[in-house]
Amino acid sequence: MVSRMRQLIAFVGLAFLVSAPSAAADSNLFVGVTEDAFRWRSVASVSVARDLGLPAFRVSLGWSPGQTELAPADADAFDAMVPAAAGLRVVVTVFGAARSAPADDVARDAFCMYTRALLERYPTINDVVIWNEANLGFFWQPQFTPAGTSVAPASYQALLARCWDVLHAFRPGVNVLLTTSPGGNDNAVAVSNVSHSPGAFVRKVGDAYRASGRTARIFDNVGHNPFGASSAEPPWRRHLDPSHIAQGDVDRLVQAFEVGFRGTSQPVPGRCTGTPLVCASIWYLEAGYQTEPPSGRHSSYFGRENDARPIPDGGSDTSAPSQAKQLIHGIQLAYCQPHVGAFFNFLLWDEADLARWQSGVLWADGSPKASFGPLRQVVAEVHEDRVDCAKVKARQATPSAPAGDALVERLEWSALRRFSAFNTIWTFAVAARADARFRATVFRAGTRRVVLAVAGTLKRSHPRTVRFPERQLRPGSYRIELVVSRARLTIARRSPVFVVE
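What you see is a predicted model, and the numbers here were worked out from it, not measured in a lab.

**A few points about the side chain of Asn-423**
Mapping Asn-423 onto the fold places it in the loop between strand 10 (418–419) and strand 11 (427–432). Separated by 3.0 Å, the side chain of Asn-423 and the backbone oxygen of Ile-425 make a polar contact.

Printed below as a string of structure tokens:
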């Protein structure tokens with residue numbers, strides 16, 4: 001499957017009022033699904049997609065260094081899939097192993113010719129995503145040099161440029177997309193997943209484009225995976241942590257592209273260039289909400305859940321989150337968000353391993369969830385331009401977190417409550433109402449024994465991600481305490497208990 005690894009550090013925020021008109025928007029949004037089962041279960045997958053009214057799906061295609069033609073097994077899979085999907089839009093993400101990322105001219109040429117071979121063999125495939133989440137060390141290495149200098153953005157920019165030239169020379173109307181994940185740590189010495197945050201990565205790609213002196217485009221549209229901190233948080237929720245860009249933070253993604261490519265001829269979301277005008281939109285290539293299998297379905301699953309807060313597939317409780325409700329709200333929000341062109345739900349079928357993803361609208365045994373019908377309903381609403389953006393905006397106006405106090409305006413602890421003993425990165429995010437000092441400590445729950453500490457200052461209206469010194473913690477239960485002080489006023493806040501295993 002495409003993109004299985006997610007950032008462990010994520011944050012919970014507040015509701016976001018997205019800019020939207022008072023009635024149905026003039027939106028070009030289409031809804032699809034990301035699901036590699038189309039490759040080996042083509043007829044069944046296509047049948048489900050058609051039943052849901054989905055006009056598109058996205059699959060992955062692997063690449064190995066030096067490869068310029070599809071391997072026989074991949075060709076066989078696509079030869080069966082493409083005819084079965086006649087009339088549907090097939091989007092293909094082409095990528096390889098992280099350590100095989102094309103970092104020189106020879107590798108880039110091979111990769112781009114391989115992607116060209118895909119288009120040549122299948123004339124109906126016109127949408128290609130160049131690599132997968134290139135800002136993550138899980139998928140692209142190296143991200144930094146041994147001395148800590150950022151290299152992945154410039155290397156990825158060179159790959160985009162080469163593929164844009166090769167693919168557009170072969171087929172001028174091809175749609176070339178770049179790709180980013182929702183989070184990254186901007187830490188060259190992180191123990192796991194050395195990566196760039198999406199905003200920093202985009203800005204550095206723009207810097208490399210400008211430095212290259214290039215005037216031709218390097219991408220046609222923008223691919224982003226806007227996962228939130230957990231499946232239970234509202235899709236419109238904004239996050240304090242600047243390293244995370246979920247669906248509610250799309251304005252920060254737009255800003256990163258504007259800053260990164262300012263003064264260039266590359267169209268970006270929110271700014272069209274050229275004569276005639278050429279525009280770029282944002283495609284949410286992976287979005288999804290994980291369900292918790294009910295007791296009667298436990299036999300179809302194994303392993304341990306990886307989501308901080310999995311949710312039911314449906315239910316009568318209108319105040320509680322469910323997958324059905326999240327899908328409706330997320331897709332309607334995408335419809336009303338400026339510059340957003342596509343929303344791909346991650347998976348049709350659940351994966352049986354709970355450590356992976358259960359965000360499909362079919363249980364692992366293939367039976368439909370309670371979210372199946374609502375997804376079909378909202379897809380029809382989008383197709384028929386029946387989404388009322390005034391209602392979407394009003395829904396987001398409902399507060400989802402208590403107000404802050406005299407010094408702390410917002411505070412976001414990690415949404416996770418269990419961590420591996422190998423984890424070394426401990427953070428939280430805070431926004432202050434006034435300039436203040438702070439001291440934060442990690443201590444064993446039930447004791448006052450401090451194991452990590454950090455101190456510094458907070459600036460009014462400048463949210464900050466506080467990072468503790470990197471260190472593995474021994475198995476046990478812990479809490480974080482934040483003490484903020486200004487003049488004679490002192491405020492103390494404690495996190496929920498989290499467990500290191």
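**Brief notes about helix 10 (residues 389–396)**
Listing the buried residues of helix 10 in full gives Cys-389, Val-392 and Gln-396. Seen from one end, helix 10 has its buried residues packed into an arc of 55 degrees, which puts them on one side. Looking at the buried residues of helix 10, the elements they touch are helix 8 (323–336). Where helix 10 begins, one side-chain oxygen reaches toward the backbone nitrogen of Ala-390, 3.0 Å away; that side chain belongs to Asp-388.

**As for the state of the cysteines**
Counted according to the given criterion, the structure contains 3 disulfides. Between the sulfur atoms of Cys-272 and its disulfide partner Cys-279 the distance amounts to 1.9 Å. Classification of the bridge connecting Cys-272 and Cys-279 rests on its S-S torsion, roughly 105 degrees, and on that basis the disulfide is right-handed. Among the residues examined, Cys-272 registers a relative accessible area of 33% and is labelled partly exposed. Classification of Cys-279 by relative accessible area gives partly exposed; the value is 43%. Sulfur-sulfur distance for the disulfide between Cys-336 and Cys-389 comes to 2.1 Å. When the S-S torsion is -95 degrees, as for the bridge of Cys-336 with Cys-389, the disulfide is left-handed. One end of the pair, Cys-336, is in helix 8; the other, Cys-389, is in helix 10, with 53 residues separating them in the sequence. In this structure Cys-336 comes out as buried when scored by relative accessible area, which is 4%. Counting its disulfide-bonded cysteines in sequence order, the chain shows a connectivity of 1-2, 3-4, 5-6.

**Re the packing of helix 2 (residues 42–52) against helix 9 (residues 372–383)**
At their nearest, the axes of helix 2 and helix 9 sit 8 Å apart, and the two run at 60 degrees to each other. One finds that helix 2 runs oblique with respect to helix 9. Residue-level contacts link Val-48, Asp-51 and Leu-52 of helix 2 to Phe-372, Leu-375, Arg-376 and Val-379 of helix 9. Looking at the contact of helix 2 with helix 9 residue by residue, the class counts come to 5 nonpolar, no polar and 2 charged.

**Some words on the pattern of salt bridges**
Inspection of every chain in the model, using the stated rule, returns 25 salt bridges. With its nearest N and O atoms 2.8 Å apart, the salt bridge here joins Asp-350 to Lys-369. Taken together, the residues Asp-350 in the loop between strand 8 (340–346) and helix 9 and Lys-369 in the loop between strand 8 and helix 9 connect sequence positions 19 residues apart. The same class applies to Asp-350 as to Lys-369, namely buried.

**Examining the sheet that holds strand 14 (residues 464–467)**
With antiparallel pairing, 3 strands are arranged side by side in an open sheet as 9-11-14. Unpaired on one side and paired on the other, strand 9 (408–412) and strand 14 mark the two borders of the sheet. Neighbour to neighbour, the strand axes of the sheet diverge by 25 degrees on average, direction disregarded. Here strand 9 runs beside strand 11; their pairing, made up of 4 bridges, is antiparallel. Bridge pairing in strand 11 places Leu-411 opposite Val-430.

**Section: the environment of Ser-300**
Among the structural elements, Ser-300 can be located in the loop between strand 7 (282–287) and helix 8. Residue classification places Ser-300 among the partly exposed positions, given a relative accessible area of 26%. Separated by 55 residues in sequence, Ser-300 and Ile-245 place their C-alpha atoms 33 Å apart.

Criteria and cut-off values
Residues numbered from 1 in each chain as written. Predicted model: local features only at pLDDT ≥ 70, side-chain atom pairs only at ≥ 80, totals over all residues. Heavy atoms only, no water. Helix = DSSP H or I, 4+ residues; strand = E, 2+ residues; numbered from the N terminus. Polar contact = N/O pair within 3.5 Å; in protein donor to acceptor, adjacent residues only side chain to side chain. Buried < 20%, exposed > 50% of the residue type's maximum accessible area, 1.4 Å probe, protein only. Arc of directions from axis to C-beta. Contact = heavy atoms within 4.5 Å. Disulfide = S-S within 2.5 Å. Axes fitted to C-alpha atoms, helices over the stretch in contact; angles between N-to-C directions. Parallel < 35°, antiparallel > 145°, perpendicular 65-115°, else oblique. Nonpolar A, V, L, I, M, F, W, Y, C, P; charged D, E, K, R; others polar. Salt bridge = Lys/Arg side-chain N within 4 Å of Asp/Glu carboxyl O. Pairing = 2+ DSSP bridges.

Read these as spatial facts, not as claims about activity.
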